[in-house]
Amino acid sequence: MFDIGVNLTSTQFAKDRDQVVKRAREAGITGLLITGTNALESQQAQSLAARRPGYCWSTAGVHPHHASEWSADTAATLKRLAESEQVVAIGECGLDFNRNVSEPEQQAYAFNAQLELAAGLGLPVFLHCREAHARFLSILTPWLPKLPGAVIHCFTGSKEELEACLAAGLYVGITGWVCDERRGGELRELMPLIPAGRLLLETDAPYLLPRDMRPRPATRRNEPCFLPHIVQQVAALRGVDANELGEQCDRNARELFRLSTRE
C-alpha cells in the first residue's frame, strides 16, 4: 500500500510529523509521496522526504490555487528541487475552476509552464483537475507524448471524464472520497472500470478523512495510516482481494514514479 498523496507539510502535522510517519509504517504503508503545492511547500516537502530516504519522496509544483504566484523564480526553484533524488514528479499542477482562487488564465499559464518543465526534466506529473475537464485535457494532451507518465490525483469526475483520462494514458488516483456514500456515489460505481495497472491510492491527508470510518478520529484529521481503510473499500467495490490490490497499487506507484523497490 503506497500513499501517493500526503500533504505532510500541512500545519495540521506540525506537532507530530514523525509519529504520523511511524503510524503509517506500522499500518503497513510501503511508501509516501509528499505533495508540493507551491515553491515554499515544495522545498519543505523535499526536505521532509530527504529525512526518510527509501520511504518518502516528494513532488515539486504549484497548485492552481497558487498559480498567481508563478514567476521565473518559481520555475527556477522547482527545477533546482527536481535535481534532488527525492523529487520524483512535477506538481501538484492543473486547473481548479471550482473556486478560481487564481484567475483561470493564470492557472492555464502556470499549468502549461509546469508541463513544459516536466517534459524538459523527463519527470512524470501529479495533476489536479476540478470542474475544468475540457480545458485541462486541451492543455495537457499536447504534452503527453513528451512526458514519462501522469496521474490525475484525487479523481472525482464522471464516467465520461474517467474514460477520457484513461484514453489519454493517465493513472487515476483515488482517495477516501470513495468512502462517502453521499458525495461519492458516482465514483463508487466507477471503481470496476479502472484497469488494475492504472489505479493508484492516496489519502490526501490531512484532508478527506473517509466518512465511513468507525470510530472516527477525534481530531477529524486524515492520516496515511488510514489508507488500509480506503484499500478495503476500493477492493470491495472492485470485487478483488484487498491485499492483492494494495500490492498492485504499490507496483503501479513505483512504476510511474520510477522508485526503488521496498526497503
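Criteria and cut-off values
Residues numbered from 1 in each chain as written. Predicted model: local features only at pLDDT ≥ 70, side-chain atom pairs only at ≥ 80, totals over all residues. Heavy atoms only, no water. Pairing = 2+ DSSP bridges. Helix = DSSP H or I, 4+ residues; strand = E, 2+ residues; numbered from the N terminus. Axes fitted to C-alpha atoms, helices over the stretch in contact; angles between N-to-C directions. Buried < 20%, exposed > 50% of the residue type's maximum accessible area, 1.4 Å probe, protein only. Polar contact = N/O pair within 3.5 Å; in protein donor to acceptor, adjacent residues only side chain to side chain. Contact = heavy atoms within 4.5 Å. Expected span 1.5 Å × (residues − 1). Arc of directions from axis to C-beta.

A. Examining the sheet that holds strand β3 (residues 56–60) more closely. One open sheet accounts for eight strands, arranged β1-β2-β3-β4-β5-β6-β7-β8; its pairing is parallel. Each edge of the open sheet carries a strand with a single partner, namely β1 (2–6) and β8 (199–201). Adjacent strand axes in the sheet meet at a mean angle of 30° when their direction is disregarded. For strand β5 (residues 125–130) and strand β6 (residues 150–152), the ladder comprises three bridges, and the chain directions are parallel.

B. Molecular detail of the side chain of S42. Residue placement: S42 occurs in helix α2 (residues 39–50). The exposure class of S42 is buried, given its relative accessible area of 0%. Within the structure, the side chain of S42 is placed 2.8 Å from the backbone oxygen of N38, a separation counted as a polar contact. For S42, the side chain forms a polar contact with the main-chain nitrogen of G61, separated by 3.0 Å. Beyond its immediate chain neighbours, meaning those up to four positions away, S42 contacts G36, T37, T59, A60, G61, L78 and L81.

C. Focus on the environment of P64. Along the chain, the position of P64 falls in the loop between β3 and α3 (72–82). Separated by 42 residues in the primary sequence, P64 and K22 place their C-alpha atoms 31 Å from one another. Setting aside its immediate chain neighbours within four residues, P64 contacts E92, C93, G94, L95, D96, S102, Q107 and H128.

D. Spotlight on helix α8 (residues 227–238). Counted at 1.5 Å a residue, the expected span for α8 with its twelve residues is 16 Å, and the 16 Å between its end C-alpha atoms agrees. Of the positions making up α8, those classed as buried are L227, I230, V231, V234, A235 and R238. Along the long axis of α8, the arc covered by the buried residues comes to 130°, so they all point the same way. As for α8, its buried residues are in contact with β1, β7 (171–174), β8 and α9 (242–256).

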